[in-house]
Amino acid sequence: PGGASTGGRPGRLVRLNEKGCWTYRKVFERDPQPSEYDELIKAHKSPRQAVLVLKAKDLFEPLGYSVNMHPAQIKIDDNRFFEPDFILSRDGQTYYVELETGVKPERPSLSHKWENAATVGGNTICLVTSNNASMNAAVGNVVKWATERGKQIHILATNLDALENIAPGESPWLRNKDR
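Everything numeric here is computed off the predicted structure, so don't read it as measured data.

**Student:** Sorry, what's going on with the overall build of the chain here?
**Tutor:** Tallying secondary structure elements over the chain gives six helices and eight strands in all. Listing the helices and strands of the chain from first to last along the sequence gives α-α-α-β-β-β-β-β-α-β-α-β-α-β. Put simply, the chain has 179 residues, and 40% of those count as buried.

Right, dumping it as structure tokens:
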């Protein structure tokens, strides 16, 4: 296929309008489940990011990962919290993942995000992006942050385009390096 679509989940993303919800209640005698997309929109910065989280879930699960798309806020200290975009688990390992869209790749708030991600992840920062170019930019941003602060970190990074071609048993991480 020609790469990971970030425009939606054609054929699988269904949203009921008011009349559809009414019909569902009449036919099944219960309320319909909220759509994954609508729930993710509440938690993420943009519709694009919500779609990317759904796509990541669809690509990581066949590789044997459990995907938590609604992680709880993690308290670091009294005034500091970390909110990963999603959490992956497999073989007793937990990965707190930041999904970078490639939009505004060097915003000032990233410094706090990388600090929090490194703290919660035990000095490992996990990144997922939509494509190779945005992955390289995000990794570069993390390396720049770590270098400026003298931090020793481990970076795991991949992208949705590449995940489409990874077979079960293969590592999904295209970048697995120390800085």
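Moving on from the coordinates now.
**Student:** Explain the sheet that holds strand β1 (residues 66-68) here, please?
**Tutor:** Two modes of strand pairing occur in sheets, parallel and antiparallel, and in both the strands are linked by backbone hydrogen bonds. A sheet is described by the order of its strands in space; here six strands give the open sequence β1-β4-β5-β6-β7-β8, paired in mixed fashion. In this open sheet, the two edge strands, each paired with only one partner strand, are β1 and β8 (175-178). Averaged over all pairs of adjacent strands, the angle between their axes in this sheet comes to 25°, without regard to strand direction. With six bridges connecting them, strand β6 (residues 124-129) and strand β7 (residues 154-159) associate as parallel partners. Pairing of Val128 across the sheet is with Thr158, part of β7.

**Student:** Whenever I open this one, the nonpolar core confuses me. Can you help?
**Tutor:** General note: in soluble globular proteins, nonpolar side chains tend to be found buried as a group. Counting 22 residues, the largest nonpolar core has Phe60, Phe86, Leu88, Tyr95, Val128 and Trp173 as its most contacted members. When contributions to this core are tallied by element, the ones reaching two or more residues are α3 (47-60), β4 (86-90), β5 (93-100), β6 and α6 (160-163). Here the element with the most residues in this core is α3; it accounts for six residues. Membership of the second largest hydrophobic core comes to 16 residues, among which are Ala117, Met135, Ala138 and Val139.

**Student:** Can you walk me through the packing of aromatic side chains in this structure?
**Tutor:** The geometry of an aromatic ring pair comes down to the distance between the two centres and the angle between the two planes. Inspection of the entire model under this criterion finds six aromatic pairs. Ring centres of Phe60 and Trp173 lie 6.1 Å apart, and the angle between their planes is 45°; on these two criteria the pair is classed as tilted. Here Phe60, found in helix α3, pairs with Trp173, found in the loop between α6 and β8; they are 113 residues apart in sequence, far enough to count as distant. For the pair Phe60 and Trp173, one class covers both residues: buried.

**Student:** Sorry, what's going on with the confidence of the model for the chain here?
**Tutor:** In low-pLDDT regions, the fine details of the predicted coordinates are not to be read closely. Confidence along the chain averages 85 in pLDDT terms, with 83% of residues attaining 70 or more. Between the elements of the chain, mean pLDDT differs from a low of 68, seen in helix α2 (residues 36-43), to a high of 97, seen in β7. Counting contacts from residues 1-11, a segment whose pLDDT is below 50, to residues more than four positions away or on other chains yields 17 contacts.

**Student:** How do you make sense of the packing of helix α4 (residues 109-120) against helix α5 (residues 132-149) when you look at a structure like this?
**Tutor:** Working note: a packed helix pair is described by the angle between its axes plus the distance between those axes. Where α4 meets α5, the closest approach of the two axes is 10 Å, and the angle between their N-to-C directions is 80°. One finds that α4 runs roughly perpendicular with respect to α5. Across the interface between the two elements, Leu110, Ser111, Trp114, Glu115 and Ala118 of α4 pack against Asn141, Val142, Trp145 and Arg149 of α5. Taken together, the residues of the contact of α4 with α5 sort by class into five nonpolar, two polar and two charged.

Rules and cut-offs
- Residues numbered from 1 in each chain as written.
- Predicted model: local features only at pLDDT ≥ 70, side-chain atom pairs only at ≥ 80, totals over all residues.
- Heavy atoms only, no water.
- Helix = DSSP H or I, 4+ residues; strand = E, 2+ residues; numbered from the N terminus.
- Buried < 20%, exposed > 50% of the residue type's maximum accessible area, 1.4 Å probe, protein only.
- Pairing = 2+ DSSP bridges.
- Axes fitted to C-alpha atoms, helices over the stretch in contact; angles between N-to-C directions.
- Core = buried A, V, L, I, M, F, W, Y, C linked by side-chain atoms within 4.5 Å.
- Phe/Tyr/Trp six-rings, centres within 6.5 Å; stacked < 30°, edge-to-face > 60°.
- pLDDT = per-residue confidence, 0-100.
- Contact = heavy atoms within 4.5 Å.
- Parallel < 35°, antiparallel > 145°, perpendicular 65-115°, else oblique.
- Nonpolar A, V, L, I, M, F, W, Y, C, P; charged D, E, K, R; others polar.

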